Amino acid sequence: MKHLLIYSSILVLLVSCSTVKSSFQPKAATAVQPKQSEFIEGIEVKPETTPAVTKGSVSGNNSNTSFQTKNVAKYSSTLELYTFTQFKYAIKMDVPVETLQNVNLYNTIDQWLGTRYRLGGTTQRGIDCSAFVQTVMLGVFALQLPRTAREQFDLSKWVPMTNIKEGDLLFFNTIGGVSHVGVYLQNHRFVHASSSGGVMISDLNDSYWSSKLICAGRVVQSILP
């Protein structure tokens, strides 16, 4: 969970970054009252110590404030490179946010997350594992897959777990043979429609899933021409 605290703080900062920025801008005032030091992301921000500021001007001894303002502005600019959804899933998967480059993939997952499981279902009122994989692969990777987990397994090219990458399929034996399928993400996480929890992100290190895993597969060609 090394990224959890960092990105939780970042999400809060994203919402309030405009307020943070404005708080560092010099303001016209007749006097500046001493304030206690504040901390942003563990960095001490010391208060302005100049006793007075003349209206319409800025004290000449403001190099520290200028440095702080510049740092916050630079930090906010970096945050604006990423969406709220990217931060959300970086936290869920405990990965650096900059590794989540496929924004369409995580937006699609976010639209389906929590959808209940329904055998034979294909909509957000209920969906099964293979239909969910069909939806993700078509909407994100423009690959049309067959309907069942077994057919998807037959279409896939075997990939060693050491070479697995985002968008590869994971096949499981839950009730006999190839009976469950999900889409690999990062850091041992995969997204799938589970019969017990609906559309969710699970960890391959979980003893249940590691014991049920058959293999990973990569779809390189759509069933449609």
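The structure presented is a predicted model; accordingly, all values stated were derived computationally and were not measured. (Residues numbered from 1 in each chain as written. Predicted model: local features only at pLDDT ≥ 70, side-chain atom pairs only at ≥ 80, totals over all residues. Heavy atoms only, no water.)

Q: Tell me about the confidence of the model for the chain, residues and numbers included.
A: Reading fine detail from the predicted coordinates is not recommended where pLDDT is low. Mean pLDDT over the chain stands at 79; residues scoring 70 or higher make up 65%. Counting interchain partners and residues more than four positions distant, the pLDDT-below-50 stretch residues 14-32 has 31 contacts. (pLDDT = per-residue confidence, 0-100. Contact = heavy atoms within 4.5 Å.)

Q: Explain the pattern of salt bridges to me, using residue names and the numbers behind them.
A: Close approach of charged atoms lets side chains of opposite charge pair. Using the criterion set out here, one finds five salt bridges in the structure. Across the salt bridge formed by Arg150 and Asp154, the nearest N and O atoms sit 3.3 Å from each other. Pair noted here: Arg150 and Asp154 are both in helix H6 (residues 149-155), with a separation of four residues, about one helical turn. Between Asp203 and Arg189 there is a salt bridge whose closest N-O contact spans 3.8 Å. Of this pair, Asp203 sits in strand E9 (residues 198-203) while Arg189 sits in strand E8 (residues 189-194); the two residues are 14 residues apart in sequence, bridging distant segments of the chain. (Salt bridge = Lys/Arg side-chain N within 4 Å of Asp/Glu carboxyl O. Helix = DSSP H or I, 4+ residues; strand = E, 2+ residues; numbered from the N terminus.)

Q: Any details on the packing of aromatic side chains? Residues and values, ideally.
A: A full pass over the atoms with the stated rule returns eight aromatic pairs. Summarising the aromatic geometry, the rings of Trp112 and Phe132 are spaced 6.3 Å apart at their centres and angled 65 degrees between planes, so their arrangement reads as edge-to-face. Of the two residues, Trp112 sits in helix H4 (residues 103-112) while Phe132 sits in helix H5 (residues 129-141), which places them 20 residues apart along the sequence. In terms of burial, Trp112 and Phe132 fall into one category: buried. When the centroid spacing of 5.3 Å and the interplanar angle of 85 degrees are considered together, the rings of Phe153 and Phe171 count as edge-to-face. (Phe/Tyr/Trp six-rings, centres within 6.5 Å; stacked < 30°, edge-to-face > 60°. Buried < 20%, exposed > 50% of the residue type's maximum accessible area, 1.4 Å probe, protein only.)

Q: Lay out the side chain of Arg189 with the relevant residues and their values.
A: The class of Arg189 is buried, set by a relative accessible area of 14%. Among the polar contacts made by the side chain of Arg189, one reaches the main-chain carbonyl oxygen of Asn187 at a distance of 3.0 Å. Once you skip the residues sitting within four places of it in the chain, Arg189 turns out to touch Lys92, Met93, Asp94, Tyr184, Ile201, Ser202 and Asp203. (Polar contact = N/O pair within 3.5 Å; in protein donor to acceptor, adjacent residues only side chain to side chain.)

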